[in-house]
Amino acid sequence: MRLKKGPPDFALFIITLILISLGLVMVFSSSAVTANVKYGDAYYFFKKQLLWALIGIIAMIVVMKLNYNKLKALAIPLMIFTIICLILVLTPLGSSAKGATRWLGLGPIAFTPSELAKLAIVLFLAKVMEINIDKMKYFTAGVLPYLLLLAVICGLIIPQPDLGTAFLISATVFFMLIAAGARISHLSILGLAGLSALVGLIIAAPYRLIRLVAFANPWKYPSDEGFQTIQSLYALGSGGLFGMGLGRSRQKFFYLPEQHTDFIFAIIGEELGFIGAFFVISLFLFFAWRGFQIAIKAPDTFGSLLATGITIMIVFQAAINIGVVSGSLPVTGITLPFISYGGSSLLFTMIGVGMLLNISRYSSNH
Amino acid sequence: MQTTKQTVKKRIATLFFLFCLLFFCLGGRIFWVQFVRGAELSEKALQNRMRDIPVESKRGIIYDRNGNELAISVSADSIYAIPAEVLVAKKITSNEIAHKLAEVLEMDEQKLHDRITRRSSFEWIKRQVEPEKTKILRELDLPGIGFTEESRRYYPKGTLASHVLGISGIDNTGLEGIDFYYNDLIGGTKGRIIIEHDGGGRPIPEATHKFIAPVDGANLILTIDETIQYIVEREIDKVFQERQAKSASAIVMDTKTGEILAITSRPTFDPNSYSDYPVKNRRNFAINDAYEPGSTMKIVTAAMALEEKVVTPNRKYFCPGYIKVGKEDIGCTDRKAHGSQTFIEIVENSCNVGFVETGLDVGITTFFKYINDFGFGKLTGIDLPGEAEGILVNQKNAKQIDLATMSMGQANAVTAIQLLTAVAAVANDGVLMQPHLVKKVIDNEGKIIKTMEPKAIKKVISPEVSSQLRLILEGVVSNGTGKNAYVEGYRIAGKTGTAQKVSPTGGYMSNEYVASFIGFAPADNPQIACIVVVDAPQGYPYYGGWVAAPVFKEIVKDSLRYLEIPLYEDNNSEEKVAVDNRVVVPDVVNLPLTEASSIINNRGLQARVSGTGDIVWQQTPKPHTKVARSSEVIINLSPLNPSQNDTEVTIPDLEGKSMKEVAKILADLGLHLMPEGHGLAYEQSPEAGKIVSVGSSIKVKFQPIGE
């Protein structure tokens with residue numbers, strides 16, 4: 001297939017830069033107080049995030065230049081590598097924080113294999129689905145193999161424990177199956193199965209049930225399970241239309257936990273008000289529009305599915321995060337892409353955006 | 001292939017549509033949280049971040065009617081801890097803080113440590129601490145330890161009017177008495193200092209500070225007159241101690257307005273240290289307890305009988321010593337026959353037979369109408385907590401025998417305040433006034449917030465009957481059972497009462513009585529009414545005329561003089577004698593020196609002071625004697641500080657006093673007692689008012705007491 005190379009999607013590029021810049025500002029604003037108390041350096045988190053952002057932008061530009069079709073060759077090895085990493089996390093090599101073992105130490109830097117897993121599975125699925133696109137109508141030949149793979153990945157992520165990421169990966173796989181043309185009836189059954197699996201997981205680990213209940217009525221558990229949700233709602237509610245002003249959050253003063261990671265959106269709502277929150281939501285919707293546009297205009301099915309997967313992975317994660325922060329979903333421990341503090345997450349997200357931008361260069365419009 | 005690709009594109013478009021929907025929902029949710037619930041959430045968030053330090057309001061001052069302070073508020077520092085600040089303190093550990101606090105405050109170190117590290121935003125360490133200790137702690141400047149000014153109630157007059165004033169708790173709230181009844185008015189509103197803190201308890205930069213200033217309570221001006229209250233307490237103390245009574249109380253009321261000038265009960269307590277006294281000492285028997293009044297209630301029977309024209313003052317009665325009502329037999333005291341009497345005489349003699357006949361003539365329905373009108377069986381509405389209603393015989397079941405016993409003051413239980421209110425109505429041309437204790441409510445600048453106007457409840461009898469009855473009751477004091485209540489120079493009206501106490505097991509106790517006296521003065525133009533109730537006086541005689549009437553006499557005598565109510569003679573004989581250059585010597589005993597001197601000088605006499613002190617103990621010549629204008633009146637001051645140079649003393653009036661009392665009085669003056677007989681003093685030689693030298697002997701004759 002001969003492809004004409006055009007300029008990358010400028011809008012998507014700009015959206016990404018705006019999101020990253022906003023993220024840097026908000027990471028600094030939300031973490032300065034706690035960083036100062038804990039590490040004696042208000043810039044502690046900001047500096048690390050800035051470094052990762054620079055690395056991320058370089059990675060994004062490098063990937064953007066790289067013909068996405070060459071990634072096909074990388075799909076299977078990357079998948080295998082990911083699975084090995086996920087297994088290693090569960091061995092004593094994995095490092096823990098806050099009751100979960102999600103990190104793998106590589107010298108001075110720790111990386112999160114589950115972040116890699118999100119990208120790896122999207123790439124792998126895009127490649128395999130393109131080849132087997134005609135079998136999608138059949139359940140055993142078309143859908144089941146993906147589910148088995150998903151089961152393996154989730155089986156490795158859930159014990160970390162990281163139910164949030166497992167759910168996110170499952171949802172991404174589910175949406176990619178839709179995109180690839182799987183029968184709606186099959187997917188409905190799949191949906192039901194997924195739902196019952198979720199119920200099963202909750203029954204297996206009661207803390208999940210308490211979290212689930214807590215989100216519905218946080219004031220019933222104000223000091224324990226409902227605490228984060230309440231503090232998050234306090235932050236959002238204090239914001240009003242214009243917010244308390246950049247840097248003037250009150251909830252970041254040791255009230256809202258994870259204020260620079262999982263709950264950074266609440267600080268945005270508090271400092272920048274509904275205007276700021278609405279702006280962020282709009283950016284992600286805009287991002288979705290551009291991402292899906294790239295998917296539709298991609299010259300081949302691989303490109304379409306890869307673009308779809310990456311877009312969903314980023315945007316759906318944002319949706320879940322905002323849902324949690326606004327008290328609409330149970331607390332899952334999922335970050336807001338581009339904005340939340342977290343090196344691996346930012347790097348892999350940027351690599352994903354690089355791929356999207358690369359696909360956009362081969363748009364059928366050109 | 002092409003169709004598959006088209007499907008993929010369609011599916012992707014569908015996905016985009018789904019995501020639009022999802023983000024629309026999220027946007028809506030955010031909008032709801034930030035706008036619809038925004039105010040509520042931000043308020044809650046602020047509350048969550050605020051640490052409160054209470055600031056007490058100042059309780060209003062309670063004054064007597066002349067502006068003397070009876071209850072005030074003094075400030076004291078209270079110490080609190082903000083545990084979060086204690087825990088994050090860097091230079092000093094919580095153990096050291098606890099140690100230092102324990103040292104200064106003399107408290108248990110371990111308990112203190114538990115308290116200052118408790119998981120709460122605010123903890124009291126110690127309330128109302130001595131200033132020296134807070135000074136030391138302020139200088140130590142311990143982290144997380146703060147001070148706030150609280151006000152504490154102080155009753156400068158100690159036990160004076162304690163039952164009226166009540167008590168206040170550590171939280172600056174009234175718990176009893178006026179302090180409780182008017183707590184909302186005089187308590188004020190607590191203030192707060194609120195500072196925004198971070199999750200670790202440290203103040204936040206640009207934090208919201210709020211100072212909600214406390215609102216000081218309003219001040220009360222009572223109807224109580226401190227001087228009359230003092231007189232009443234002094235006399236009630238005497239009778240309570242001398243007669244070893246279970247309890248005793250007295251009330252003085254302004255008959256025209258219903259204002260309570262004084263009210264007290266014994267046993268008593270000091271509200272500043274109320275926990276040192278038994279709880280029963282805080283009971284205000286005059287308000288909180290009902291008793292069977294006995295003969296004092298006959299005033300009400302007489303009033304209704306005259307008003308209903310069932311009797312005339314000159315109606316004839318014959319008392320054989322007892323009367324049969326149905327199967328029951330009711331007797332006069334010791335079944336002594338009074339023989340032939342008029343209505344006036346049955347009142348003077350307190351003849352049970354006569355009153356039973358009168359009551360039966362009035363009839364059950366009318367009788368109940370009047371006792372209801374006079375306010376029995378219901379609250380008088382006096383502004384004190386815990387007033388008792390009393391217990392009346394049920395009208396539906398009332399029989400003739402009930403009517404008979406009620407007519408002479410048995411069967412119904414009433415409170416002292418009810419009875420006094422009723423008798424004051426008899427004195428006040430038949431208009432029943434609501435008794436009350438608060439005259440005015442003023443703010444700190446002295447501006448009047450509220451004036452409690454006298455409140456007439458009902459006209460219970462006509463002015464004509466009122467004036468008839470006043471004369472009859474004056475006769476009780478001048479000719480009848482109430483002679484011991486007679487005050488020289490004034491027209492006094494009243495009635496004695498000696499009621500057997502109802503036993504808790506039913507029936508009457510043979511050996512316990514309630515001795516009482518109720519009356520008003522002056523009889524022709526009543527100004528004050530007074531009731532004295534002594535519960536279970538020990539010793540004989542236990543009669544109201546012997547136990548309560550003398551107390552009444554002393555209270556009324558001193559009160560009338562204090563109120564400068566003119567002497568009866570002033571209007572008649574005195575002016576005449578003034579013409580022939582002789583004047584009547586005024587009675588200045590028990591008055592403050594300055595007042596006594598000015599009264600004497602105003603009469604055209606000269607005062608000579610002897611001894612030291614503030615209060616006149618004795619005077620020579622005796623009051624009401626006539627002397628030439630410009631004569632000298634010698635005023636002897638307090639016997640407790642007799643002037644050492646004094647070799648001469650004035651002999652006091654010993655009449656009616658017990659031998660023990662006489663012995664003490666004479667010993668205080670440096671005189672010797674030569675007693676004769678036993679009982680109460682009735683004659684002495686030399687007579688009162690004579691001046692003798694210290695060391696002289698005084699002959700005193702005593703005689704046993706009879707009704």
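Quick note: structure is the one above.
Source: prediction; values computed, not measured.

### Focus: the nonpolar core
Then comes step 1: Membership of the largest hydrophobic core comes to 132 residues, with the highest contact counts inside it found for L177, F265, F284, L306, F338 and I339 of chain A.
Then comes step 2: Once residues within four sequence positions are removed from consideration, L177 of chain A is found in contact with M129, M136, V143, Y146, L147, A182, L187 and L190 of chain A together with R11 of chain B.
Then comes step 3: Of all hydrophobic cores here, the second largest spans 90 residues; its members include I178, A218, I323 and C351 of chain B.

### Observations concerning the pairing of strand 8 (residues 219-222) of chain B
On any regular strand, side chains alternate: one points to one face of the sheet, the next to the other face.
Residue and element names in this part refer to chain B.
Then comes step 1: By the alternation rule, side chains of strand 8 split into N219 and I221 and L220 and L222, which are all buried.
Then comes step 2: Summarising the sheet, strand 2 (residues 62-63) and strand 8 pair through 2 bridges and their orientation is parallel. If you follow I62 over to strand 8, its bridge partner there is L220.
Then comes step 3: Bridging between strand 8 and strand 18 (residues 438-442) involves 4 bridges; their strand directions are antiparallel. Note on strand 18: the bridge partner recorded for L222 is V438.

### Description of the sheet that holds strand 31 (residues 680-685) of chain B
Adjacent strands of a sheet form backbone hydrogen bonds with each other and so pair up, either parallel or antiparallel.
Residues and elements named next belong to chain B.
Then comes step 1: Read from one edge to the other, the open sheet built from 3 strands follows the order 30-33-31, with strand pairing classed as mixed. With partners counted over all chains shown, the strands left at the sheet margins are strand 30 (672-676) and strand 31, one partner each. Ignoring strand direction, the axes of neighbouring strands in this sheet form an average angle of 35°.
Then comes step 2: Contacts from helix 24 (residues 659-669) reach strand 30, strand 31 and strand 33 (697-703) within the one sheet, and its direction differs from that of strand 30 by about 160°.

### A look at the packing of helix 4 (residues 113-131) of chain A against helix 6 (residues 163-179) of chain A
Helix-helix packing: each pair is described by the crossing angle between the helix axes and the interaxial distance.
All names here are of chain A.
Then comes step 1: The contact between helix 4 and helix 6 brings their axes to 11 Å, and the two run at 15°. Considering their axes alone, helix 4 and helix 6 lie roughly parallel with respect to each other. Both helix 4 and helix 6 take part in a crossing whose hand is right-handed. The segment helix 4 lies against helix 6, with S114, A117, K118, I121, V122, L125, A126 and M129 engaging T165, L168, I169, T172, V173, M176 and L177.
Then comes step 2: Looking at side-chain class alone, the contact of helix 4 with helix 6 contains 11 nonpolar, 3 polar and 1 charged residues.

### Some remarks on a nonpolar patch on the surface
Then comes step 1: A surface patch of nonpolar side chains, amounting to about 670 Å² of accessible area, comprises L241, F242 and I275 of chain A together with F31, W32, F35 and V36 of chain B.
Then comes step 2: Top contributing element to the nonpolar patch by residue count: helix 1 (residues 2-36) of chain B, with 4 residues.
Then comes step 3: Along the chain, L241 of chain A turns up in the loop between helix 9 (227-239) and helix 10 (264-297).
Then comes step 4: By relative accessible area, which is 34% here, L241 of chain A ends up partly exposed.

### A few points about the pattern of salt bridges
All names here are of chain B.
Then comes step 1: Here the structure, examined in full by the defined rule, presents 36 salt bridges over all chains.
Then comes step 2: Here E40 makes a salt bridge to K44, at a shortest N to O gap of 3.4 Å. Of this pair, E40 and K44 both sit in helix 2 (residues 38-49), separated by 4 residues, roughly a single helical turn.
Then comes step 3: Residue E40 is classed as partly exposed on the basis of its relative accessible area of 35%.
Then comes step 4: Given a relative accessible area of 32%, K44 falls into the partly exposed group.

### Details of the sheet that holds strand 21 (residues 493-502) of chain B
Residue and element names in this part refer to chain B.
Then comes step 1: Taken in spatial order, the 5 strands make up an open sheet running 10-9-23-22-21, and their pairing is antiparallel. Whereas interior strands pair on both sides, the edge strands pair on one side only; in this sheet they are strand 10 (260-266) and strand 21. Across the sheet, the mean angle separating the axes of adjacent strands is 10° when strand polarity is ignored.
Then comes step 2: Bridge count between strand 9 (residues 247-254) and strand 23 (residues 528-535): 8 bridges; the pairing is antiparallel. Considered in strand 23, the bridge of A248 is made with V534.
Then comes step 3: Where helix 10 (residues 226-242) meets the sheet, its contacts fall on strand 9, strand 10 and strand 23, and the angle it forms with strand 10 comes to roughly 25°.
Then comes step 4: Relative to the sheet, helix 18 (residues 463-478) contacts strand 21 and strand 22 (508-521), its axis offset from that of strand 21 by approximately 70°.

Conventions and cut-offs
Here the residue numbers are simple positions, counted from 1 along each chain's written sequence. The lettering of chains begins at A and the numbering of ligands begins at 1, in the order of writing. Given that this is a predicted model, residues contribute local features only at a pLDDT of at least 70 and side-chain atom pairs are listed and counted only at 80 or more, while totals for whole chains, interfaces and linings are drawn from all residues. Side-chain metrics rest on all non-hydrogen atoms present in the structure, leaving aside hydrogens and water. Nine residue types can take part in a nonpolar core, namely buried Ala, Val, Leu, Ile, Met, Phe, Trp, Tyr and Cys, and a core is a set of them joined through side-chain atoms within 4.5 Å. For the exposure calls, accessible area comes from a 1.4 Å probe over protein chains only, and a residue counts as buried if that area is under 20% of its type's maximum, exposed if over 50%, partly exposed in between. Any pair of residues with heavy atoms lying within 4.5 Å of one another is described as a contacting pair. Segments assigned H or I by DSSP are reported as helices when at least four residues long, segments assigned E as strands when at least two residues long, and all are numbered from the N terminus. Any two strands with at least two DSSP bridges between them are considered paired. Lines fitted to C-alpha atoms define the axes here, with helix axes fitted over just the stretch in contact, and angles between the N-to-C directions of these axes take values from 0 to 180 degrees. In these notes the angle categories are as follows: under 35 degrees is roughly parallel, over 145 is roughly antiparallel, 65 to 115 is roughly perpendicular, and the rest is oblique. Each crossing is labelled by how the near helix is turned from the far one, with a counterclockwise turn of less than a right angle marking it left-handed and a clockwise turn marking it right-handed. Any residue that is not Ala, Val, Leu, Ile, Met, Phe, Trp, Tyr, Cys, Pro, Asp, Glu, Lys or Arg is counted as polar, Gly included; the first ten are nonpolar and the last four charged. Any residue with relative accessible area above 30% and no salt bridge may belong to a patch, with like charges joined within 9 Å and the nonpolar Val, Leu, Ile, Met, Phe, Trp and Tyr side chains within 5 Å. We get accessible surface area from the Shrake-Rupley algorithm with a probe of 1.4 Å; when it comes to residues, only the shown protein chains can shield them. Put simply, a salt bridge is a Lys or Arg side-chain nitrogen that is within 4 Å of an Asp or Glu carboxyl oxygen.

Just geometry here; none of it tells us what the structure is for.
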